[in-house]
Amino acid sequence: MAPLEAPPAAPETGRPSFADLLGWMQDDLAAALDAYLRNPPGPLSEIARTASDPRSFFEARFQLGPTMTGHFTGYYEPELPGALEPSDAFPVPIHAMPSGLVTAPRAEIEPLLAGHEIAWLRDEVDRFFLQVQGSGRIRLEDGGTLRVRFAGRNGHSYRSIGKLLVERGVFDADIDAETLKVWLRADPVRGRAVMAENPSYVMFVALDLPPESGPMGTLCPLSGGRSLAVDPEQTPLGTPVWVETDGISRLCIAQDTGAAIRGSGRADLFFGTGDAAGRAAGRFNHPGRFTPLLPR
């Protein structure tokens, strides 16, 4: 691989320049612009749509905000087997958001959601991780696909069971999602009890999206490798963000949110759809540098 190069230094303006971004000249900014164009229409939409050079667009229309220490994790859109009716193979429901407020914790909520089932999955581990990811594709027995996304939650704060098990000495800090799934399934009673220690419970809505579309984020459809979930109180949705972490140097767009994504520099990188994306996302947990791009 060729060494990364920085672009030519910009004139001194008192602010950092794009020359400070290691790898800026190598990044596929056409992919970043494509993700940016998925944002809802805004002041720069038409200029972005007609831009002939993505690099020039970002350099001319944005300036670098303060670089901060970041912490990056990953997420993805799972593909799970399921059915529209319960059976021995698919006994565990996912639920739609009821019209009335339901505030029971995870361990007590399911009876209160009777009649609001959308689809049925093979076990509670599949449901738990679908809720953590916030969206998914359910492969139905008849060959069809049902796509679902986050509709709301029960009002309880999210608690990471991976972090909980690390604190208890069950796993080392480098635990990944696939290892955690195996552990939860190895003893279903133990697994159910641990999952119940995350009292947050997510409900879904079915979506009609073209197969080639990414899942719906908070702002717009997501782009694999380019969309970020952020804390919107710290980083406005729609903001381009330069990410440097664990060998990744690329421009991403803040287009989603998550219950566990809180604080400045905290971000979740969307890896795409399916098992390979899930494995990559499950291993991704790194410090790094987080630099927002601010409109000039």
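Everything discussed here concerns the structure shown above.
The rules behind these values
Note that residues are indexed from 1 along each chain, following the sequence as it is written. In keeping with the predicted nature of the model, local features appear solely for residues at pLDDT of at least 70, side-chain atom pairs appear and are counted solely at 80 or more, and the whole-chain, interface and lining totals rest on all residues. Excluding hydrogens and water, the side-chain values take into account all heavy atoms of the structure. Under the scheme used here, helices are H or I runs from DSSP no shorter than 4 residues and strands are E runs no shorter than 2 residues, and both carry numbers assigned from the N terminus. Only the C-alpha atoms count toward the radius of gyration. The rule for a globule is 2.2 Å times the residue count to the power 0.38. We call two residues in contact whenever any of their non-hydrogen atoms come within 4.5 Å of each other. In short, Shrake-Rupley with a 1.4 Å probe defines the accessible areas, and a residue's cover is counted only from the protein chains shown. For the purpose of counting charges, residues Lys and Arg are taken to be positive, whereas Asp and Glu are taken to be negative. His and the chain ends are not included. Charge placement uses NZ in Lys and CZ in Arg. For Asp and Glu, CG and CD serve respectively. Exposure is judged per residue with a 1.4 Å probe applied to protein chains only, and the accessible area is read against the type maximum: over 50% gives exposed, under 20% gives buried, and values in between give partly exposed. Cysteine sulfur atoms that come within 2.5 Å of each other are treated as a disulfide pair. Any two strands are treated as partners once DSSP identifies two or more bridges connecting them. A fitted line through C-alpha atoms represents every axis, and for helices the fit uses only the stretch in contact; the resulting angles, taken between N-to-C directions, go from 0 to 180 degrees. Polar here means any residue other than Ala, Val, Leu, Ile, Met, Phe, Trp, Tyr, Cys and Pro, which are nonpolar, and Asp, Glu, Lys and Arg, which are charged; Gly is therefore polar. Only buried residues count toward a nonpolar core. Its members are Ala, Val, Leu, Ile, Met, Phe, Trp, Tyr and Cys residues joined through side-chain atoms within 4.5 Å.

What follows deals with the overall build of the protein chain. Across its full length, the protein chain carries 9 helices and 13 strands. Since a compact globule built from 296 residues should have a radius of gyration of about 19 Å, the 21 Å found for the protein chain is in line with a globular shape. The principal-axis extents of the C-alpha atoms in the protein chain amount to approximately 65 × 45 × 35 Å. In the protein chain, 75% of the contacts between residues at least 6 apart in sequence involve partners at least 24 apart. In the structure as shown, the protein chain presents an accessible area of about 14,400 Å², 52% of it carried by carbon and sulfur atoms. For the protein chain, the distance from the average position of its 28 positive side-chain charges to the average position of its 37 negative side-chain charges is 3 Å.

The phi dihedral of Asp246 falls on the positive side, at around 45 degrees, and the residue is not glycine. As for its position among the elements, Asp246 is in the loop between β10 (240–245) and β11 (248–256). For Asp246, a relative accessible area of 52% translates into the label exposed.

We now examine the state of the cysteines. Summed over all chains, the structure comprises 0 disulfides. Unpaired in this structure, Cys220 has its nearest cysteine sulfur neighbour in Cys252, at a distance of 13 Å. Relative accessible area serves as the criterion here: at 3%, Cys220 is assigned to the buried category.

Once that is clear, we can look at the pairing of strand β2 (residues 68–77). By the criterion of burial, β2 is predominantly enclosed, with 7 of the 10 residues buried. Across 6 bridges, the pairing between β2 and strand β13 (residues 285–295) is antiparallel. Its bridge partner being in β13, Gly70 is matched across the sheet by Gly288. Inspection of the sheet shows β2 paired to strand β12 (residues 266–273) by 6 bridges, in the parallel sense. Residue pairing across strands places Tyr75 opposite Phe270, the latter belonging to β12.

Before going further, it helps to spend a moment on the packing of helix α1 (residues 29–36) against helix α3 (residues 54–61). Each pair of packed helices gets described by two things: the angle between the helix axes and the distance between those axes. Relative to each other, α1 and α3 sit at 65 degrees, their axes nearing to 8 Å. In this structure, α1 uses Leu29, Ala30, Ala32, Leu33 and Tyr36 to contact α3, whose residues at the interface are Pro54, Arg55, Phe57 and Phe58. Residue composition of the contact of α1 with α3, by class: 8 nonpolar, no polar and 1 charged.

In terms of nonpolar packing, the biggest core is built from 18 residues, with Trp24, Tyr36, Phe57, Phe58, Phe62, Leu251 and Leu293 touching the most fellow members. Listing elements by their share of this core, those giving two or more residues are α1, α3, β1 (62–64) and β11. It is α1 that provides the largest number of residues to this core, a total of 5 residues.

The subject of this paragraph is the sheet that holds strand β7 (residues 145–153). Taken in spatial order, the 6 strands of this open sheet run β4-β5-β3-β6-β7-β8, and their pairing is mixed. What marks the edges here is a single partner per strand, and that holds for β4 (92–95) and β8 (202–207). Strand-to-strand twist across the sheet, computed as the mean angle between neighbouring axes with direction ignored, equals 45 degrees. In this fold helix α5 (residues 124–133) packs onto β3 (79–83), β4, β5 (117–121), β6 (135–140), β7 and β8, with an angle of close to 20 degrees to the strand it touches most, β4.

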